[in-house]
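Observations on chain architecture
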Amino acid sequence: MTEKLIYWLEELGVEDNDLVGKKCANLGELTKAGVRVPPGFALAVQAYERFLATTGAREEMQRFLETFKADPNDPKDLAKFEKASEVLREIVDSKEMPSDMADIISAHYDKLCQRTGISDVPVAVRSAGPVSRPGQYETYLWVIGQKDLMKKIIRVWSSTFNHRSMVYRAQNGLPMEFDPIGCAVIQMVDAKVSGVMFTLHPANGDVSKIVIEANWGLGESVVSGRLSPDFYVVDKQTLNIVEKRVSDKTYEYLLDPATGATDFFEVPQERRNIPCLTDEELVELAKLGLFVEKHYGKPQDTEWTISKDLPFPQNIFMVQSRPVTAKMSKKKTATDTILDMMMSRLYQL
Amino acid sequence: MPYGYYHYDWRGEPDLDPQYYDCWVCNVAHSVPAWTPLFTSEWYRLIPYAMQYANDYICEPTSKGWDWRIYNGYAYITSIKVPESEVEGRKQVYREQLASIIDDPWGYSERLFSRLMEKYDYYKPLNVKEMRDCELVQHLWDMAELDRLMWEVHMLGWDGLLGGLRLWREMLVDLFGITPYDVRYAKLLSGFDNALFKLNSDLTHVAARAVELNVESNFSLPDEEVIPAMEQTEAGREWLGEFDKFLNEHGYRSDRMLEFTRPTWLEKPTLAIPDIRRIISAGVSHAPDILRHQLRKEGEEIERELLAKLPSDQREWFHKLTQCAQAAHSWSESHDYWCEFQTYGLRRRAIKELSERLYRKDIIDDPEDTAYLLHQDLIYAAVIQEKVGKKYFRDLIKRNKEEFEYYKSIPPGGDTTPLFLGDPSKLPLVAGRDTLFGVVAAPPAEDAAKVGAVAVGCAGAPGIVEGTARVIASASEWDQIKPGDILVCPMTDATWTPLFALLKGVVTDSGGLLAHPAIVCREYGIPAVCGTFDASKKIKTGDRIRVDGNLLRVYKLDQ
């Protein structure tokens, strides 16, 4: 192996975006800046390419795609993409990790276990595209041990062939058989509360405010946007909490100790309608937000999590930070989308 | 001359006006059994008005609401085309109106209901018996006004909420292949509480109390003897206390939803006895209560699975549209409770008081005879000079009664009242341009004869069941129903809901996706086929039938 396929987070920075993908580069940058990030390592984009080439997966997929035809803008063809996705993922998932790559990943994982002092340390295996495509690729939580780690890294790579990514690439005229991404392997935080933080108000672009959304358990429930989380606004100057909307938090995303998988669980009645963050935690998060905004020099869109196991404030971790996108303030609303569809589909207008 | 039909009556020869209207459909659900002249006069005064009013408010781009005509005693309906030149202007208004409803569909229906509730809270405590004649006349006008408001609210609800449900239904098929007869469709919409389910749940509680207090044996007595028997014992009186509480909250209802010439439960508590007896005999369990929580959990789980299949930027509108569909579905069931039940209960109270006064003054021979007077005649009778009134009203009653008897004698779907007038192949056009029309009267999905079925519907509730048919023409025949029957009837409405706990399946002649039988069957988890047009004529009581709610077909077995 001539090129370096794997890096510790602290070896990386924003300039390594194309090398390891955006998420890995950002986590490296945060680590270097002194922000508390769970420790871990990153597989380079090259590792994806090398895996698909040496296992023969890329060639097999090309053969299948020669005969594939479907229109990504026709809802009726969505099923065809679903079918194709199943075939391609099966091709990738069925391959074994080449032994030279497996050796180097194992060595890094063993080192991570030593560093954290936990044997078979649970990790999150996250996708990291060089170009941000939120919600397209997959992430695996609570991965334990060498064997499962290899499998889940391959699953993350094969998620570039999931239904929604295929449709996206077809709609945007990108290659179908190839979409190189990096992959982050970081220690799993046993989360009490998680959420997102914007260092401006996403609804009106107000840069004097920090907006925090939070729910019990792992961050997936907030990031997916399907449940209504608690909503807090903190003033950047005074660090006063200027708005606090506590919602009815019906579900939380947790590790199921019985199956080892993560899943939605009903929140016990006594925790449903109370704030999941204390004022102390809110202010600490806001300070962290101000720090990363200053570091990057731009308003940030971040993800954070608070561990069950550690004392405050060492329990607060940042797991993602990226600049706020322009479309965050202005885009077609869901209501407009519905009205447009009503006109065209119900009334042919 | 027919009573009170005004310009809605074709008077013998239908003028189909094919340039303007594509096709007319016989509205069996609102024609059988024939309404009394009093109700008819008010219904046709208000219904076409309210439908066109609400349509103008919401401004559906392709339809101006429904038109109505009477032909040989039966109602015929169609939707009204919008001229090409008006479409663009209507489209803009419609977008504005719908945007606020899509943002808060549950709030929209709650605000509509609260407009009525304010009125009910004011009128309910009034004592009509103590009113002077002039005050009673004023109150009767107020009740007519309330009726107008009720129908406006009723139609604003339908027209405002249905568009979202209709789009959602189409998107479910196109994106996920889920049809309305897929069990997931029912689960996505079910499990929301509403006033009508609360009524039935409270009625079940009253039945349960009878069992707990050990007085349920009184229900083996004839209806009229149950309450006097309860009065004899301490436990019985305690049960009557519970029963009174129930009646005070839910008693503004009669055994026929669309009439105000029938006694309410509050006025004649004996009327509730058969429903309580049925619940006791079925083992005192209110299926939707037990199922609701589970259904909602399953519904949320299915929505999560569907959302996960969509690209992330498509999830928000789908979730929002799902909420619109859920609010529309729930509204379509609960509006009967807030609209017809309460308004007609109150209107009935005023009319009954007037009827008794007219009888005491010897202006009419029987208090029930006011059912044969039209609203505009009746309202003056309260203060009219007795000497004039005596002959005038008796003549009117005699004439209208004869005509009513004639209308009652005409069977539906016979030579004089065909199911369609005009070109039935244009029914899809009529139903397509008007969302509410499509819900009430869609064409059956396929030809029954071709698939070997006795009837095919246009809507229903999923599941397949085989059993014995019980053909019921109206509420007066409910006592014939046995637990485990498959109910076959022209149509059901909200007053029928307590029966569903006994049934294995339901088949109706009328009704679309949001019709009462389809909605209630989804909640109770029993198969249904609705909108068959003529199943209750082709099936006889005792026939062994199979109801396939997935394919919307009804088969006769043992042939």
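Analysis parameters
- Within each chain, residue numbers correspond to sequence positions counted from 1 in written order.
- Each chain takes a letter, starting from A, and each ligand takes a number, starting from 1, following the order in which they are written.
- Local features in a predicted model are, by the rule used here, given only for residues with pLDDT of at least 70; side-chain atom pairs are given and counted only at 80 or more, and totals for whole chains, interfaces and linings are based on all residues.
- Only hydrogens and water are removed before side-chain values are computed, so all heavy atoms of the structure are retained for them.
- The split into domains, and so the bounds of each, comes from an automatic or database assignment of domains.
- By definition in these notes, contact holds between two residues if any of their heavy atoms fall within 4.5 Å.
- We define buried area as the total accessible area lost by two parts upon association, computed with a 1.4 Å probe and summed across both.
- For salt bridges, the criterion is a side-chain nitrogen of Lys or Arg within 4 Å of an Asp or Glu carboxyl oxygen.
- The definition of a polar contact used here is a pair of N or O atoms within 3.5 Å, where within protein one atom must be able to donate a hydrogen and the other to accept one, and adjacent residues in sequence count solely through side-chain atom pairs.
- Here, a strand pair is defined by DSSP locating no fewer than two bridges between the strands.
- Counting from the N terminus, the helices are DSSP H or I runs at least four residues long and the strands are E runs at least two residues long.
- Note on geometry: axes are lines fitted to C-alpha atoms, helical ones only across the stretch in contact, with angles between N-to-C directions running from 0 to 180 degrees.
- Aromatic rings from Phe, Tyr and Trp, with only the six-membered ring used for Trp, were paired whenever their centres fell within 6.5 Å, and each pair was classed as stacked if the ring planes differed by under 30 degrees, edge-to-face if by over 60, and tilted otherwise.
- Burial classes: relative accessible area under 20% of the type maximum marks a residue as buried, over 50% as exposed, and values in between as partly exposed (1.4 Å probe, protein chains only).
- Residues were grouped as follows: Ala, Val, Leu, Ile, Met, Phe, Trp, Tyr, Cys and Pro as nonpolar; Asp, Glu, Lys and Arg as charged; and all remaining residues, including Gly, as polar.

**Overview of the domain arrangement of chain B**
How big an interface is tends to be stated in terms of the accessible area lost upon association of its parts. Residue and element names in this part refer to chain B. You can read the domains of chain B as domain 1 (1–89 + 395–440) and domain 2 (444–556). Of note, the centres of domain 1 and domain 2, computed from C-alpha atoms alone, are 25 Å apart. Each partner contributes residues to the interface: domain 1 has nine residues there, and domain 2 has nine residues. When the buried surface of domain 1 facing domain 2 is broken down by residue, Ala 29, Leu 419 and Val 439 rank first, second and third, together holding 47% of it. Summed over the shared surface of domain 1 and domain 2, the number is zero salt bridges. Summed over the shared surface of domain 1 and domain 2, the result is zero residue pairs in polar contact (both at pLDDT 80 or more).

**Quick word on the sheet that holds strand β8 (residues 486–489) of chain B**
All names here are of chain B. Across the sheet, eight strands lie side by side as β5-β12-β11-β7-β8-β9-β10-β6; this open sheet has mixed pairing. In the strand order of this sheet, the two ends are held by β5 (455–456) and β6 (459–461), each with one partner. The sheet contact formed by β5 and strand β12 (residues 553–556) spans two bridges and is antiparallel. What sits directly across from Val 456, in β12, is Arg 553.

**Thoughts on the sheet that holds strand β5 (residues 182–187) of chain A**
Residues and elements named next belong to chain A. What the five strands build is an open sheet, ordered β1-β2-β5-β3-β4; its pairing is antiparallel. Two strands lie at the open edges of the sheet, namely β1 (6–8) and β4 (139–143), each paired on one side alone. Taken pair by pair, the neighbouring strands of this sheet meet at an average axis angle of 20°, ignoring direction. Across six bridges, strand β3 (residues 123–128) lies against β5 in antiparallel orientation. In the sheet register, Val 125 faces β5, and the bridge partner there is Val 185.

**Let's talk about the packing of aromatic side chains**
Here the structure, examined in full by the defined rule, presents 43 aromatic pairs over all chains. For the ring pair Phe 51 of chain A and Trp 157 of chain A, a centre distance of 5.0 Å and an interplane angle of 40° mean the geometry is tilted. Linking Phe 51 of chain A in helix α3 (residues 45–54) with Trp 157 of chain A in helix α7 (residues 146–158), this pair joins segments that are 106 residues apart in sequence. The exposure classification of Phe 51 of chain A matches that of Trp 157 of chain A, with both residues buried. Judged by centre distance (4.8 Å) and plane angle (90°), the ring pair of Tyr 20 of chain B and Tyr 21 of chain B falls under edge-to-face. Looking at Tyr 20 of chain B, the relative accessible area reads 40%, which means it is partly exposed.

**Things to note about the interface of chain B and chain A**
Opposite the 36 residues of chain B that make contact, chain A presents 25 residues. Together, the buried faces of chain B and chain A total about 2,900 Å²; carbon and sulfur atoms form 63% of this surface. A salt bridge links Glu 170 of chain B to Arg 345 of chain A; the nearest nitrogen and oxygen atoms lie 3.5 Å apart. At the surface where chain B touches chain A, the tally comes to 10 residue pairs in polar contact (both at pLDDT 80 or more). Listed by contribution, the elements that provide at least two residues to the side of chain B that touches chain A are α2 (84–103), α4 (133–176), α10 (287–309), α11 (315–360) and α14 (427–433) of chain B. Of the residues that constitute the side of chain B that touches chain A, the class distribution is 15 nonpolar, six polar and 15 charged.

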